[in-house]
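Structure assessment
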Amino acid sequence: MTELICKNLSIGYDNSIVVDNLSFEVNSGDYLAIVGENGVGKSTLIKTILGLIKPMSGEIEFSNGLKRTDIGYLPQQTNIQKDFPASVLEVVLSGNVSKMGFRPFYNNEEKEKARKCLEKMELRDIEKKSYRDLSGGQQQRVLLARALCATEKILLLDEPVSSLDPKGTIDMYSIIRELNSAGTTIIMISHDLNSAIKDANKVLHIGHNIFFGEKNEYLNSEIGKRFIGMEI
Amino acid sequence: MGEIFEQLMTYLEFPFVRYAFIVGILVSICASLLGVTLVLKRFSYIGDGLSHVAFGAMAVAAIAGLTNKMIIAMPVTIIVAILILKTKQNKMSGDSLIAMISVGALALGYLLMNIFPSSSNISADVCTSLFGSTLILTLSKTEVWICLALSILILVLFVVFYNKIFAITFDENFATATGTKTGIYNLTIAIIIAIVVVLAMNLVGSLLISALVIFPALSSMRVFNNFKSVTISSMIVSVVCAVVGLIASIIWSTPVGPTIVVVDIIIFFIFFAAGLIKRKAVQ
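Notes on the structure in this doc start here.

1. Some details on the overall build of chain A
On a plain count of helices and strands, chain A comes out with eight helices and nine strands. Expected size for 232 residues packed as a compact globule is a radius of gyration near 17 Å; at 18 Å, chain A falls within 12% of this value. Split by element, the accessible area of chain A, about 10500 Å² in all, is 48% carbon and sulfur. Computing the positive centroid from 28 side-chain charges and the negative centroid from 31, chain A places the two 4 Å apart.

Quick look at the structure:
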């Protein structure tokens, strides 16, 4: 079933178009890898889908009953977070905020959900620790737990492994793979082309040429061969 | 010691001294609550910028001959606060905008006070509004009530929006992306900051408001590791500094604002050292 449709989408900042005429669809349970060279607008695309940037033209539609509050997002780390005094539990709980409306405090259900997400990411032992004292891999898992607290339907990940060491990277990919096989739709940007594409079932390549389709088609296509050849 | 205590008790019999303590405690609580968010959002300077705007607005109010200067200062400061937070996303970066508004309002205010002098001693007037030297001891009963009402409003807003303020401070993009109406909360934060700044002018004067906003938060962040403890600690630190500063300024007849700030600075260094020791102990 289709969850997200982008039709003739043009995206960019301040009246300058970065990517033009982009169309693709994401079905529930898909694992879509967004690839392309640096600066072609991958992050801009994610932010446009999330509603942080307005599309210049074209349409983004959620279907299958998907609402804005059903979206989980794993952003790139910001500067602000590096010395932020917040406990792991506080960060994960904050994933619930969007569903609270004007209710001021977390209810038991939300606290329980945060606990489950902490368990899933194996963070229960360090839930009292401060976010700023964690390793890069742990921090990513905390942010992922927060995203899961918000929803388990669809998850957008912006370069989830860019700040991780090799072991952290392998762990992260396996966590994402497990989430996907448990039914979460994944849309992920990655630089790390080979590992990113390994688990994906669909690929969106943006840049000078645009490709959207099944992974196997991409691997056999002219554009895919050239890009992957360049990486290796 | 007993002598100082007695002296203090004598002073506390005067209503204006009691007013000063009430307002001092209220303002320091409100300022410290906001401080944590502002420091973490890299907006430490907004208090400074807004206080200069409030100074300019007060100058205009004085020329207009208004007895309650807040009538002009409050709305002007709120509007500027909203503008600053709104333009943050736009091209002009936050810090240069704040610097511009800050200096501009200060200069304009002083210029206006000179062109249309409302009293014979302008430099004393200016000094008072900049450093709050005696302002807090001249509060009227009405001003104390206004301060009390606004402080309660701020406290209620902060408690009700606490979890949202945390989410937005930690990661505004995530909050917006997952469907939180961040606009409303940012607006609330802007309004609260503006109110705090105008209230705090009475306590420490416009030059030192930043200190009241950022020092307790910065001190607490040295020692505490989660948002809730940092917030609570800032509140306590801020109140302690205000009370100690007020008492010291009465005993040694020093200007109130700078005395409070000096106490804040001392506490900061104590917390800084405590933080270092704590981190060493953990390793």
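Anyway, onward from the coordinates.
2. Re the overall build of chain B
Scanning chain B from terminus to terminus reveals 13 helices and zero strands. Reading chain B from its N end, one meets helices and strands in the order α-α-α-α-α-α-α-α-α-α-α-α-α. A globule of 283 residues ought to have a C-alpha radius of gyration of about 19 Å, and chain B, at 19 Å, matches this closely. Projected onto its principal axes, the C-alpha coordinates of chain B cover approximately 55 × 50 × 30 Å. Out of the 283 residues belonging to chain B, those deemed buried represent 53%. Of the contacts formed within chain B by residues at least 6 apart in sequence, a portion of 77% connects residues at least 24 apart. Counting only carbon and sulfur atoms, one obtains 74% of the accessible surface of chain B, whose full area is about 12500 Å². A gap of 16 Å separates the mean positions of the 15 positive and 10 negative side-chain charges of chain B.

3. A look at the sheet that holds strand S2 (residues 16–27) of chain A
The strands that make up a sheet are held in pairs by hydrogen bonds between backbone atoms, and each pair lies either parallel or antiparallel. All names here are of chain A. In space, the three strands of this open sheet follow the order S2-S1-S4, with antiparallel pairing throughout. In the strand order of this sheet, the two ends are held by S2 and strand S4 (57–62), each with one partner. The mean angle between the axes of side-by-side strands here comes to 15°, regardless of whether they run parallel or antiparallel. In this sheet, S2 lies alongside strand S1 (residues 2–13) in antiparallel orientation, the contact comprising eight bridges. Note that in S2 the partner of Thr-2 across the bridge is Asn-27. Of the strands in this sheet, S1, S2 and S4 are in contact with helix H1 (residues 42–50), which crosses S1 at around 120°.

4. With respect to the packing of aromatic side chains
Considering all chains together, one arrives at 16 aromatic pairs over all chains under this definition. Plain terms: the ring middles of Phe211(A) and Tyr218(A) are 5.1 Å apart, the flat faces sit at 50° to each other, and that makes the pair tilted. Side by side, Phe211(A) and Tyr218(A) carry an identical accessibility label, which is buried. Note on Phe166(B) and Phe170(B): the rings are 6.0 Å apart at their centroids and 10° apart in plane angle, and the pair reads as stacked.

5. As for the interface of chain B and chain A
With 31 residues of chain B in contact, the opposing surface of chain A contributes 38 residues. Of all residues in chain B, the largest losses of buried area upon contact with chain A belong to Asn163(B), Phe170(B) and Phe174(B), amounting jointly to 25% of the total for that side. Summed over the shared surface of chain B and chain A, the result is 14 residue pairs in polar contact (both at pLDDT 80 or more). Elements with a minimum of two residues in the side of chain B that touches chain A: helix H7 (141–160), helix H8 (162–170), helix H9 (172–177), helix H10 (182–204) and helix H12 (227–251) of chain B. Element by element, the count of residues in the side of chain B that touches chain A is highest for H8(B), at seven residues. Split by residue class, the side of chain B that touches chain A holds 16 nonpolar, nine polar and six charged.

6. A short note on the sheet that holds strand S3 (residues 31–35) of chain A
All names here are of chain A. If you walk across this open sheet you meet the six strands as S5-S6-S7-S3-S8-S9, and the pairing is mixed. Taken across any chain shown, the strands that pair with only one partner, and hence form the sheet edges, are strand S5 (71–74) and strand S9 (211–214). Across the sheet, the mean angle from the axis of one strand to that of its neighbour is 15°, orientation sign disregarded. Docked against the sheet, H1 engages S3, S5, strand S6 (154–158), strand S7 (185–189) and strand S8 (202–205), running at close to 150° with respect to S6.

7. Regarding the nonpolar core
Ranked by internal contacts, the top residues of the largest apolar core, which has 153 residues, are Phe24(A) and Leu45(A). When residues of this core are assigned to their parent elements, the largest contribution, 16 residues, is made by helix H2 (residues 15–40) of chain B. Those residues within four positions of Leu45(A) in sequence are excluded, and the remaining contacts are Leu9(A), Ile11(A), Leu22(A), Phe24(A), Ile34(A), Leu204(A) and Ile206(A). Membership of the second largest hydrophobic core comes to nine residues, among which are Leu193(A), Val203(A), Phe211(A) and Ile223(A).

8. Observations regarding unusual backbone geometry
All names here are of chain A. Look at Glu-122: it is not a glycine, yet its phi comes out positive at around 55°. Residue placement: Glu-122 occurs in the loop between helix H3 (108–120) and helix H4 (136–150). Even without a glycine there, the phi angle at Glu-159 is positive, about 50°. Looking at the secondary structure, you find Glu-159 in the loop between S6 and helix H5 (166–181).

9. Things to note about the environment of Gly24(B)
Residues and elements named next belong to chain B. Within the secondary structure, Gly-24 is located in helix H2. Looking at Gly-24, the relative accessible area reads 0%, which means it is buried. Distance in space between the C-alpha atoms of Gly-24 and Phe-174 is 37 Å, their sequence separation being 150 residues.

10. Regarding H7(B)
All names here are of chain B. Counted at 1.5 Å a residue, the expected span for H7 with its 20 residues is 28 Å, and the 29 Å between its end C-alpha atoms agrees. Taken together, the buried positions of H7 are Val-144, Cys-147, Leu-150, Ser-151, Ile-154 and Phe-158. Taken down its axis, H7 places every buried residue within 135° of arc, on the same side. Facing away from the buried side of H7 by over 90 degrees, the exposed positions are Lys-141, Thr-142 and Trp-145.

11. A few points about the state of the cysteines
In total, this model carries zero disulfides over all chains according to the counting rule given. Counting only cysteine sulfurs, Cys117(A) is the nearest neighbor of Cys149(A), a cysteine outside any disulfide, at a range of 4.3 Å. There is no disulfide at Cys147(B), and the cysteine sulfur nearest it, in Cys30(B), is 7.3 Å away. We classify Cys147(B) as buried; its relative accessible area is 3%.

Definitions and limits used
Residues take numbers from 1 onward in each chain, read along the sequence in its written order. Whichever chain is written first is A, and whichever ligand is written first is 1; the rest continue in order. For a predicted model such as this one, the threshold for reporting local features is a pLDDT of at least 70, and the threshold for listing and counting side-chain atom pairs is 80 or more; totals across whole chains, interfaces and linings nevertheless cover every residue. Only heavy atoms go into the side-chain values, all of them from the structure, while hydrogens and water stay out. By the criteria applied, helices consist of DSSP H or I runs no shorter than four residues and strands consist of E runs no shorter than two, each listed in order from the N terminus. Atoms counted for the radius of gyration: C-alpha only. Globule rule: 2.2 Å times the number of residues to the power 0.38. Per-residue and other accessible areas were derived by the Shrake-Rupley procedure at a 1.4 Å probe size, with only the shown protein chains allowed to occlude residues. Only four residue types enter the tally: Lys and Arg on the positive side, Asp and Glu on the negative side, with His and both chain ends excluded. Each charge is placed at NZ for Lys, CZ for Arg, CG for Asp and CD for Glu. Burial classes follow relative accessibility: with a 1.4 Å probe on protein chains only, a residue under 20% of its type's maximum area counts as buried, one over 50% as exposed, and anything between as partly exposed. Only heavy atoms matter for contacts: two residues are in contact if any of them lie within 4.5 Å across the pair. Strand pairing is assigned whenever DSSP identifies at least 2 bridges connecting the two strands. The axes are straight lines fitted to the C-alpha atoms, using for helices just the contacting stretch, and the angles between their N-to-C directions are given from 0 to 180°. Paired rings are identified among Phe, Tyr and Trp, the last through its six-membered ring, by centres lying within 6.5 Å, and are further divided according to the angle between planes into stacked (under 30 degrees), edge-to-face (over 60) and tilted (the rest). As used here, buried area is the combined drop in accessible area, with a 1.4 Å probe, of two parts when they are placed together. Side-chain atoms alone can form a polar contact between residues adjacent in sequence; in general such a contact is a pair of N or O atoms within 3.5 Å, and within protein one must be able to donate a hydrogen while the other accepts it. Throughout, the ten residues Ala, Val, Leu, Ile, Met, Phe, Trp, Tyr, Cys and Pro are labelled nonpolar, Asp, Glu, Lys and Arg are labelled charged, and all others, Gly among them, are labelled polar. The set of buried Ala, Val, Leu, Ile, Met, Phe, Trp, Tyr and Cys residues whose side-chain atoms join them within 4.5 Å is what this entry labels a nonpolar core. One less than the number of residues in a helix, times 1.5 Å, gives the span that helix is expected to have. Relevant arc is that of directions from the helix axis to the C-beta atoms, nothing else. A pair of cysteine sulfur atoms is labelled a disulfide when the two atoms are within 2.5 Å.

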